[in-house]
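Structural characterization, general
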2 protein chains.
Amino acid sequence: MPRTVLAELASHVGERVRVCGWVEGITDAGEGWRVVLRDRSASAVLVVGACPPGMQREAAVEVVGEVVADPDAPGGVTVVSGEVRVVGPVLDELPLGDGSSLEERLDWRFLDLRRPRNVLAFAVQTTAERAMRQYWAEHGFLELHSPKLRPNPNRSGRELFSVPYFDRQAYLVQSPQFYKQMAMAAGFERIFEIGPVFRAFPFITARHDTEFTSVDVEMSWIDSHHDLMAFEERWLRHVIATVAAEHSDDIARLFGTEVVVPSLPFPRVSLDEARALAEKAGPHLAQPPGDLDPRGERALGEHVASTFGHEFVFVTEYPESTRGFYHMHTEDGSAHLRDFDLLWKGMEVTTGAQREHRYDRLIAQAEADGVPLEPIRYYLDCFRFGCPPHGGFGLGLTRMLMALLGQDDVREVTFLSRSRDRLSP
Amino acid sequence: MPRTVLAELASHVGERVRVCGWVEGITDAGEGWRVVLRDRSASAVLVVGACPPGMQREAAVEVVGEVVADPDAPGGVTVVSGEVRVVGPVLDELPLGDGSSLEERLDWRFLDLRRPRNVLAFAVQTTAERAMRQYWAEHGFLELHSPKLRPNPNRSGRELFSVPYFDRQAYLVQSPQFYKQMAMAAGFERIFEIGPVFRAFPFITARHDTEFTSVDVEMSWIDSHHDLMAFEERWLRHVIATVAAEHSDDIARLFGTEVVVPSLPFPRVSLDEARALAEKAGPHLAQPPGDLDPRGERALGEHVASTFGHEFVFVTEYPESTRGFYHMHTEDGSAHLRDFDLLWKGMEVTTGAQREHRYDRLIAQAEADGVPLEPIRYYLDCFRFGCPPHGGFGLGLTRMLMALLGQDDVREVTFLSRSRDRLSP
């Protein structure tokens, strides 16, 4: 007998249905039991004659019964049945309760994830990715799956996982950027990739994990980083509008957060302006040279919210000293770069840039930066045989979810998080 | 000035346009040069007054010119311009030519990928994934991003990459199966994931890579593996029909392969029947105990093609001795499993099964199999607190592309392939 999901019961009044889900609660109803059942779509009330062994809160059960109109029940119906089949009993006391700590919840993540707000987080993630892909498909993007094993360390060798690879060493990618650029040298013109990246952060914070999902875009035939920002803001508006249309009521109910569809264009400030604004907000917010720190990002986010009524701000044109040699400068000879970060609610969610595609300038910048050329020959070769102008950006998927759902800990919106101290479950 | 892609030139006759792409050829046209330009959409003819330095085959160029109707030119138009801008010159002799070997082409993969048939392979991949996701979205699936770093080796420890992880060892996942199952214990009910998996194959073949993209599905509330096969065949038919509608002409032209939309249901044979059929095809095809080898798979594929006129066949119900302890048996006490492989054109593309979700049986099967329980406690715990019946399957994305495009080497349809001897580019 095909299964009926609980959200659709109201259209089956008077019919026999099969429903499946988890027990949320059981109360004695005199001549039987009143069971609240939960599946991914909704919760509903069952009235059953008997409770078999193993039938308790969070047991997985199946019931065949008749749908009866019941104006007092949630959803307006109950399912009346003589019998419940416990297909997944609960064999021990549940290890999680209302007072469980974050670490306990992460230890028992599969139980923690059963909470409707956690299921919603992943429904929102699914919708957001679907909207991203829809926009990419409409704009001629190819999907890329680039290797996660790379042959050489990044320049600093910092926060890098190495992997013994037969008789040598491989390394886990920290970003697919080099491979995205190869796709541009290969004439793919516009690509996206959603995939894992790995960073051996040796510290524990609410915003850093050692493995996370990166959303990456690369585009050829751009004139500057302004083309990338113009693309990203339209793409993000489409994503947020899609999430708002499908989930804003649930997000308000379960997370207390309003999904705001952003207006275009997003505000833009240069890094120099951003630093000054952060420092004006408080002398204790003196910013590190050439960047914003998290407190500065928050101060800037608050300034943009109060001045422009906007959750987003692009911070543009970082000094060359703070970034990799492969960025294009604003003008040849300038000390500033054609790059940007995007902050959402005062948190960095994106870094992007136009790359330097002119071989002689790329070599000169690498040498000026002290980068040995031989180990990256396979990268440099891409610029010797007809490489178009290009650039791209990366967006952290879970950071996006944090902003969308008003969460301040990335572990709350990651399926199974990884950090220095956490490698399981 | 916005760019016009070459496939759309015909609708801009009489207009000034900006076109961008790579030079396929240059011939002296008397009072100027005739240049064949290629972008990802098409090729077209330009007539230009002068050829600047660096302008040669495979250079990346931009041209602003007028679109003129020209019935003799491919696409029915030429672009006439005084000037070409070389934005990505060719600085050396091209390292690839018509006679280049596979290894040379893989060394210079970004140049190899510029061939229209290779771009088509990734356009087909993009379309196939879009169709997969569309079907999942219509059937209530959530997208999963499960960790690629796991805390313990698989049972055999074979073909496993280890990763020094701070003060201990992590391992790269060979399959997301355990994590897909956790999502079922978490009440996600139906999930998919497209992501990398890693297998340290110590040998080089046309079908094995050390990193590849796995397409994974897991579903709860199934009755048996037959529900999984019924889902997979409908899903695949949708994917193949979508690819056929968008690309069958190009695939026929560039790969010489016909895309056949399969009829439903796919043929099904038990493993015992499959072994007998393979061995009947030739006494030299004696099959290893409990499985088919690649020659047996090909023989079975040919038998199914000639008998049923079908490219697909499900091979079902493997003996327990050949598979992991976590499979459900066909009946309690049976030596056969609720599992299946799917062959396409005589090549295995999928393995799937109903999992054993009953804790006591799972423990008994692990113990009978000699599996130590303590290291997998975090897995076993999922079955103690209301785990629904569930199962799933995995499909190799590049194996699917091999079958779709009639290719017999996975490296031809992988963006950048990884094997024992190849870790770059």
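So, a few notes on the structure that sits alongside this text. (Residues numbered from 1 in each chain as written. Chains lettered and ligands numbered in written order. Predicted model: local features only at pLDDT ≥ 70, side-chain atom pairs only at ≥ 80, totals over all residues. Heavy atoms only, no water.)

1. As for the relation of the copies chain A and chain B
Here chain A sits on chain B after a turn of 180 degrees about the axis and a move of 0.0 Å along it, with an RMSD of 0.0 Å. Between the two chains, the operation in question is that of a two-fold axis. By C-alpha distance to the rotation axis, the residue of chain A lying nearest is valine 163 of chain A, at 2.5 Å. A high fraction, 100%, of the interface residues of chain A reappear at the interface in chain B, so the copies pair face to face through one surface. (Least-squares fit on C-alpha atoms with pLDDT ≥ 70 in both. Contact = heavy atoms within 4.5 Å.)

2. Thoughts on the side chain of threonine 242 of chain B
Residue and element names in this part refer to chain B. Structurally, the position occupied by threonine 242 is in helix 5 (residues 225-255). Judged by relative accessible area, threonine 242 falls into the buried class, the value being 16%. Setting aside anything within four residues of it in sequence, one finds threonine 242 in contact with Thr127 and Ala131. (Helix = DSSP H or I, 4+ residues; strand = E, 2+ residues; numbered from the N terminus. Buried < 20%, exposed > 50% of the residue type's maximum accessible area, 1.4 Å probe, protein only.)

3. Brief notes about the sheet that holds strand 8 (residues 149-150) of chain B
Residues and elements named next belong to chain B. Spatially, three strands are ordered 8-10-9 in an open sheet, and the strand pairing comes out antiparallel. Here the strands that pair on one side only, and so sit at the sheet edges, are strand 8 and strand 9 (162-165). Summarising the sheet, strand 8 and strand 10 (residues 168-172) pair through two bridges and their orientation is antiparallel. The partner of leucine 149 across the bridge, within strand 10, is leucine 172. (Pairing = 2+ DSSP bridges.)

4. Regarding the pattern of salt bridges
Counted by the stated rule, this structure contains 74 salt bridges over all chains. Between arginine 115 of chain B and aspartate 112 of chain B there is a salt bridge whose closest N-O contact spans 3.1 Å. The exposure class of arginine 115 of chain B is partly exposed, given its relative accessible area of 34%. Overlapping salt bridges bring together Glu103, Asp107, Asp409, Arg411 and Arg422 of chain A as one network. (Salt bridge = Lys/Arg side-chain N within 4 Å of Asp/Glu carboxyl O.)

5. A look at the pairing of strand 10 (residues 168-172) of chain A
Residue and element names in this part refer to chain A. Where strand 9 (residues 162-165) lies against strand 10, four bridges are found, and the strand directions are antiparallel. The partner of tyrosine 165 across the bridge, within strand 10, is arginine 168. Hairpin connection between strand 9 and strand 10: a loop of two residues separates the two successive antiparallel strands, and phenylalanine 166 in this loop has a positive phi of roughly 55 degrees.

6. Observations concerning the interface of chain A and chain B
You'll often see interface size given as the accessible area lost when the parts meet. Each partner contributes residues to the interface: chain A has 101 residues there, and chain B has 101 residues. Summed over both sides, the interface between chain A and chain B buries roughly 8000 Å², with carbon and sulfur atoms accounting for 66% of that surface. Together, Trp221, Phe385 and Leu423 of chain A form the three largest contributors to the area buried by chain A at its contact with chain B, with a combined 11%. Summed over the shared surface of chain A and chain B, the result is four salt bridges. The shortest N-O distance in the salt bridge between arginine 3 of chain B and glutamate 189 of chain A comes to 2.7 Å. Inspection of the chain A/chain B interface yields 41 residue pairs in polar contact (both at pLDDT 80 or more). The greatest single-element share of the side of chain A that touches chain B, amounting to nine residues, is contributed by helix 3 (residues 116-138) of chain A. Within the side of chain A that touches chain B, the residues separate by chemical class into 59 nonpolar, 16 polar and 26 charged. (Buried area = accessible area lost by both parts, 1.4 Å probe. Polar contact = N/O pair within 3.5 Å; in protein donor to acceptor, adjacent residues only side chain to side chain. Nonpolar A, V, L, I, M, F, W, Y, C, P; charged D, E, K, R; others polar.)

7. Here's the deal with unusual backbone geometry
Glycine aside, the phi torsion of most residues is negative, and most peptide linkages are trans. Cis peptide bonds are those with omega within 30 degrees of zero, and the linkage from serine 424 of chain A to proline 425 of chain A qualifies with 5 degrees. Relative to the helices and strands, proline 425 of chain A is located in the segment after helix 10 (397-405). Cis geometry is adopted by the peptide bond preceding proline 265 of chain B, which originates at leucine 264 of chain B and carries an omega value of -10 degrees. Here proline 265 of chain B shows up in the loop between helix 5 and strand 13 (268-270). You will see that tryptophan 221 of chain A, though not glycine, has its phi angle at about 60 degrees, which is positive. Structurally, tryptophan 221 of chain A is set in the loop between strand 12 (211-220) and helix 5 (225-255). You will see that glutamate 189 of chain B, though not glycine, has its phi angle at about 70 degrees, which is positive. Secondary-structure assignment places glutamate 189 of chain B in the loop between helix 4 (177-185) and strand 11 (190-198).

8. With respect to the packing of aromatic side chains
A full pass over the atoms with the stated rule returns 46 aromatic pairs over all chains. Ring centres of phenylalanine 141 of chain A and phenylalanine 231 of chain A lie 5.2 Å apart, and the angle between their planes is 35 degrees; on these two criteria the pair is classed as tilted. With phenylalanine 141 of chain A in the loop between helix 3 and strand 7 (142-143) and phenylalanine 231 of chain A in helix 5, the pair connects residues that are 90 residues apart, well separated along the chain. Relative to tyrosine 326 of chain A, the ring of phenylalanine 325 of chain A lies with its centre 5.3 Å away and its plane at 70 degrees, an arrangement referred to as edge-to-face. Neither residue differs from the other here; phenylalanine 325 of chain A and tyrosine 326 of chain A are each classed as buried. Counting every residue linked through ring pairs, the aromatic cluster contains Phe178, Phe325, Tyr326, Tyr379 and Phe383 of chain A. The lysine or arginine in question, arginine 323 of chain B, covers the ring of tyrosine 318 of chain B, its NZ or CZ lying 3.8 Å from the ring centre. (Phe/Tyr/Trp six-rings, centres within 6.5 Å; stacked < 30°, edge-to-face > 60°. Lys NZ or Arg CZ within 6 Å of the ring centre and 35° of its normal.)

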